[in-house]
Each structure stands twice: as C-alpha cells, then as structure tokens.
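One-letter residues, chain by chain:
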Amino acid sequence: PDNMSPNEREQWLRERGVQIETASDRRKAESILSGSSSSEGGDDRRPPTIAEQIRSLSLGGNDGGGDDDGPEGVKFVHIPQDTSRPIATVTLPGRLVDALGPAGDVIPTYIKQYFADGGSIDDGLFREQAAKQNLMGGASGASAAELSSTAIANATAEGSVETFPLVRPSSTNGSEGVYIYLDEVGLLKRLPNNVRASALAGRCGYSPAPNFYGDVFVGRVSTQKFMHNVDIRREDVMDTTREWMVRAPRENVAWQQTLNGITGRTGESQPDHAGTEGVAVRVEGSGDDDDAGGTVSYSWLQNDEEVEMTISLSKKAAGTGKRANKNMVKVVFQSQKIAVRYDSEVILEMKLYSKLDVDGCTWTLDGDDLVVTCEKASEGEIWPRLEL
C-alpha cells in the first residue's frame with residue numbers, strides 16, 4: 001500500500017515470499033559470521049560457516065545422519081556431487097535467522113560463500129550458453145555483446161546461489177516448499193554433474209530430470225503467515241516414501257497447469273535441453289576450409305538412450321575427387337571418448353560429457369555424411385552438452 005514507510009513495505013513484501021537482500025542484511029550477516037557482532041548479554045561467538053560444518057562432518061567420520069550435536073538452528077541438507085561422500089544434515093545458525101528474519105529464506109545468504117571457490121568461468125562455454133539460452137536475463141543486442149566470462153566471474157566472485165523448486169508451497173502440502181540451492185555458475189565452471197540431486201528432481205516429477213553441477217543443498221520453507229525456513233533432514237530426501245516427495249509430481253503438474261492457464265501456454269513443463277526435441281546443435285570446426293589439418297564441423301542430437309553425431313566429409317574427400325570412402329574411415333569408441341580419422345588424419349577427437357556403452361556404439365556412411373551413433377551408458381540421462 002502507498003501509505004507504508006519503506007521499512008513497512010519491505011517487511012510486507014518479505015512476509016509474502018519476496019526475497020529481498022538489503023545492504024543492512026549483508027552487513028548483519030557479515031558481522032555475525034565473522035563473530036564481530038555483540039550486544040549486552042549477547043553471544044559474540046562466531047557460528048560455524050557451512051564449509052566448516054561439512055569439513056567437521058568429514059573429519060569426524062560422520063555418516064551424515066546425526067545432527068543433535070550440531071549448532072542450534074534450522075536443519076537443511078548437503079548433497080555432495082561426489083557420490084562416495086554421504087548426504088548430510090547441516091544447520092542454518094539460529095543467530096543468523098534471528099538477525100535476518102523472521103521473514104524470508106536465509107539459506108542463500110548463509111551458503112553463498114561456499115560457492116565462492118575461485119573456480120574460473122569457461123569463456124567458450126559461456127558464449128555457447130549465452131547464444132543458446134539467452135543467458136543473463138534476456139540481454140540482447142549491444143548489451144549481450146558486452147557480456148564476458150570475466151564480467152560473470154567478477155559478479156559471482158563472492159558466491160552466487162540459484163534456487164530450484166522441487167515442490168512449491170501450496171494448500172495441498174501445508175504451504176511448505178522444498179528447494180535445491182546450487183552454484184549459479186556451476187555449469188560455466190564445468191563442475192561435475194550431481195547425479196543424486198538430479199535423481200531427486202526426477203522423483204519429484206521432472207522429466208527429463210535437470211542437471212545440477214557441483215555440490216548442492218536442499219532446504220524447506222513455509223509460507224504460513226510469512227515465508228521462513230523450517231527443518232528438513234537427510235532422511236527426508238533419501239526416503240522416497242516421504243509424503244512430500246510422493247505428492248510432489250502431482251503438485252508440480254498442478255502448478256504448471258495453473259501457470260499455463262495464466263500465461264496462455266499449453267504443454268510447457270521445463271526448458272528443452274541441448275540436442276533434444278529433434279533440434280540439432282551445430283558445432284563449427286577449425287579445419288573446414290583446408291584439405292588437411294584442423295577439426296571438422298558437425299551437428300549432434302540426443303534422446304534418452306543415445307547421442308547421434310553427423311559429420312560432413314565432403315571437403316575432406318574433395319581432395320581425392322571422389323565421394324567419401326568408408327574404407328578411409330576409422331572411429332574409435334572409448335568409455336568417455338571418441339576419435340574419428342579419415343584417410344589416417346584425425347578430424348575429430350573429444351572427451352564426452354558422460355560415459356558410453358561402447359558395445360552399443362556404431363557408425364555409418366550416408367553419402368559424404370558420417371553418422372556416429374553413441375549409446376549412453378546411463379539410459380535416461382540427458383546431457384547438457386556433448387563435450388566434457
């Protein structure tokens with residue numbers, strides 16, 4: 001309402017689930033996490049950072065299930081991308097919640113430093129993603145041209161958190177939503193895929209399941225009266241019979257149908273992945289204008305079971321004055337790598353995003369087009385890109 005003061009308006013928005021981080025919030029968080037805050041009769045001890053909590057669990061040999069000895073606060077979950085490490089319950093410090101709350105989701109503020117790992121942004125991958133997905137909120141024209149991996153790295157140097165809804169708050173789930181929190185630029189850092197996080201999203205009804213990169217966290221929020229963090233523990237995300245997880249697919253469909261009705265869209269559920277829906281991804285090579293040397297251009301498609309690459313050999317065969325000769329073609333398949341030779345020259349070699357079932361891989365020559373079919377080792381896995 002127009003008659004509210006700025007502070008009242010801010011609180012009004014927070015209570016309705018709008019995330020707001022002010023300069024004051026940042027100063028409070030920094031003060032508490034550095035241990036420099038104190039008040040009369042207060043506790044000026046610094047609460048553990050999320051990295052310290054995770055390191056303590058690892059050094060203590062904890063299987064991730066015990067949280068009674070941890071700091072006081074709201075429980076949430078850490079899912080490492082390394083499957084040899086346990087999924088663990090961690091704690092959002094109560095002092096931080098009290099200082100920044102009561103309204104709002106405080107988890108992003110607490111964990112963002114965890115993602116400030118100094119990882120470099122892959123410039124080539126950044127430009128590819130910017131072109132294909134209109135990265136950075138729809139920048140276009142001159143503004144898009146000015147974007148660079150350096151600018152993104154600078155903007156996210158202190159950690160940047162992306163939130164993904166496994167299920168949103170609704171009247172059918174007690175107004176409680178469950179979210180994945182991930183490194184916003186994990187893909188651009190080429191972090192490994194977090195298969196357990198993807199599997200969790202799949203159980204919540206996302207098909208194909210989205211890819212998450214690097215370590216992630218899972219938290220729960222309630223929007224009863226106002227948005228605030230509530231407990232979720234390791235067993236809540238590992239036990240597939242938990243009520244919230246069983247209900248999630250139906251609730252996500254209902255939410256999407258409601259959104260489609262509002263926007264006028266139909267049948268939309270989530271963004272297409274690269275190479276899916278019959279739309280090939282074109283990759284330009286470095287040696288198409290030469291008779292020898294460099295790599296060739298190619299296009300690729302994928303589905304749940306396989307990846308198909310189409311490589312034109314017309315320019316490589318032009319030097320012989322004939323059509324491409326299958327006897328000059330050699331394709332070597334390895335568990336996560338392919339190499340293509342024509343007339344003893346390596347024209348394409350790459351390490352793939354994920355593993356292959358080598359026994360199911362093959363190639364054919366269709367005129368001057370070499371069609372390479374790679375069977376995925378993990379059926380149902382959708383690759384965000386072809387090359388690792």
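About the cut-offs
Residues numbered from 1 in each chain as written. Predicted model: local features only at pLDDT ≥ 70, side-chain atom pairs only at ≥ 80, totals over all residues. Heavy atoms only, no water. Pairing = 2+ DSSP bridges. Helix = DSSP H or I, 4+ residues; strand = E, 2+ residues; numbered from the N terminus. Axes fitted to C-alpha atoms, helices over the stretch in contact; angles between N-to-C directions. Buried < 20%, exposed > 50% of the residue type's maximum accessible area, 1.4 Å probe, protein only. pLDDT = per-residue confidence, 0-100. Contact = heavy atoms within 4.5 Å.

Trainee: In this structure, what is going on with the sheet that holds strand β7 (residues 281-283)? I would like to understand it.
Mentor: By way of backbone hydrogen bonds, the strands of a sheet pair with one another, either parallel or antiparallel. The sheet built from five strands is open, its strands ordered β7-β8-β9-β14-β13 with antiparallel pairing. At either end of the open sheet lies a strand with only one pairing partner, and these are β7 and β13 (362-366). Taken pair by pair, the neighbouring strands of this sheet meet at an average axis angle of 20°, ignoring direction. With five bridges connecting them, strand β8 (residues 298-302) and strand β9 (residues 306-312) associate as antiparallel partners. Counterpart to Ser-299 in the pairing with β9 is Thr-310.

Trainee: Sorry, what's going on with the pairing of β8 here?
Mentor: Taken residue by residue, a regular strand's side chains alternate between the two faces of the sheet. Here β8 lies mainly inside the structure; four of its five residues are buried. As paired strands, β7 and β8 are joined by three bridges and run antiparallel to one another. Across the sheet, the residue bridging to Val-283 is Tyr-298, located in β8. If you look at the hairpin formed by β8 and β9, you'll find three residues sitting between the two strands.

Trainee: Whenever I open this one, the confidence of the model for the protein confuses me. Can you help?
Mentor: It should be kept in mind that the predicted coordinates are not to be read in detail where pLDDT is low. Of the residues in the protein, 71% have a pLDDT of 70 or more, and the chain-wide mean is 79. Mean pLDDT values for the elements of the protein range from 43 in helix α7 (residues 135-138) up to 97 in helix α11 (residues 234-238). Across residues 133-145, where pLDDT falls below 50, the model places eleven contacts with residues more than four positions away in sequence or in other chains. Contacts from residues 288-293, a stretch scored under 50 in pLDDT, to residues over four places away or in other chains number 14 contacts.

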